[in-house]
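Chain residues, written in single-letter form:
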Amino acid sequence: MLKLRVLTATILIPLVVFLIYYPDARWFSLFFAGITLLAAWEWGALCRFGSLSRYAYCALMLTLLTVFYAIDISQYLIWLLAGAVMFWLAGVLLVLLYQQQRNLLPRSRLLLSLIVIVLLVPMWSALVYLKTHVANGATLIMFLMLLIWSADSGAYFVGRKWGRHKLASRVSPGKTWEGILGGLICGLIICAGYLILFGIEPVSMFGFTLLSLITILISVTGDLLESMVKREANIKDSGKILPGHGGILDRIDSLTAAAPVFTAGAIYLGVVQ
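Residues numbered from 1 in each chain as written. Predicted model: local features only at pLDDT ≥ 70, side-chain atom pairs only at ≥ 80, totals over all residues. Heavy atoms only, no water.

**Student:** How should I be thinking about the pattern of salt bridges in this particular structure?
**Tutor:** Opposite charge on two side chains permits them to pair, given that their charged atoms come into close proximity. Overall, the coordinates contain four salt bridges when judged by the stated rule. One salt bridge connects Asp250 with Lys230, and the closest N-O pair in it is separated by 2.8 Å. Residue Asp250 is located in helix 9 (residues 248–269), and its partner Lys230 is located in helix 8 (residues 202–233); the two are separated by 20 residues in the primary sequence. Judged by relative accessible area, Asp250 falls into the buried class, the value being 6%. Lys230 sits in the buried class, given a relative accessible area of 10%. When salt bridges with common partners are traced through the structure, they connect Glu226, Lys230 and Asp250 into a single cluster. (Salt bridge = Lys/Arg side-chain N within 4 Å of Asp/Glu carboxyl O. Helix = DSSP H or I, 4+ residues; strand = E, 2+ residues; numbered from the N terminus. Buried < 20%, exposed > 50% of the residue type's maximum accessible area, 1.4 Å probe, protein only.)

Written out as structure tokens, the structure reads:
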């Protein structure tokens, strides 16, 4: 399984790097819209929708993305990001309560289906905003990806080697506090590399480092929230499109939380150019 995961990642990572830097904003938006629609399709399965309902669900998502792309993102983004940040703060509470055997996830399939809109639309909008409206946007997106990838890999390998204390045993039994610490350390290394290569005013260095740590921690919440929904649906992976990794949602669950929180923080700190 590990070899298959590594092989898939070896193919995907260069592709993602290429798509972040090379295409113009329109093609970048289109590519990530495709990723978003695949994730919506998988979420429809978690909601136990039939094929027809899932097609309609994806059509609704496509309509939302088209509308958001057609208007000026910068005009509505701050409110969208603020809503996403509030949602993910509530997401932390949902995970904590679930761990204490108090499940507050919606029982209604309709209400559960609405959650993915809050997950996917702010993520897509944040990435498109960085690529379209920010001079160093591609570099910030690449940093965000590296931050998540390094933290995820660090948590995985450190957790396997030294993990003893479970983070949230009812939600994701494989995650440990030792793994989280390993992920934070790996993320700090990536953050230090960014600061050395690109530089930030000294007054913003602490804020940017703190934002990176918060982004890593909130990305874990994104992972855990999807794990909760999969557990309630009695599904191990959201899909099978990525050998060794599962579905699209399994790969971007961290990004759904990290992208809006990181973008909101970057705007607040003034590190966008």
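**Student:** I keep staring at the packing of aromatic side chains and nothing clicks. Help me out?
**Tutor:** Here a ring pair, both rings aromatic, is described through the centre-centre distance and the interplanar angle of the planes. On inspection of all chains with the given rule, the structure shows 14 aromatic pairs. Taken together, a centroid distance of 5.0 Å and an interplanar angle of 20 degrees make the contact between Phe18 and Tyr22 stacked. Overall, Tyr22 belongs to the exposed group, its relative accessible area being 64%. Ring pairing ties together the aromatic residues Phe143, Tyr194, Phe198, Phe208 and Phe262, which thus form one cluster. The aromatic ring of Tyr98 is capped on one face by Arg170, whose charged end is 4.8 Å from the ring centroid. (Phe/Tyr/Trp six-rings, centres within 6.5 Å; stacked < 30°, edge-to-face > 60°. Lys NZ or Arg CZ within 6 Å of the ring centre and 35° of its normal.)

**Student:** Hey, could you run me through the nonpolar core in this one?
**Tutor:** Among soluble globular proteins, nonpolar side chains are generally buried collectively. The biggest cluster of nonpolar side chains holds 83 residues, and the ones touching the most others in it are Trp43, Leu120, Leu127, Phe208 and Leu255. Ranked by residues supplied to this core, first place goes to helix 5 (residues 109–133) with 13 residues. Setting aside chain neighbours within four positions, we find Leu255 in contact with Met123, Leu127, Leu144, Met145, Ile148 and Pro260. (Core = buried A, V, L, I, M, F, W, Y, C linked by side-chain atoms within 4.5 Å. Contact = heavy atoms within 4.5 Å.)

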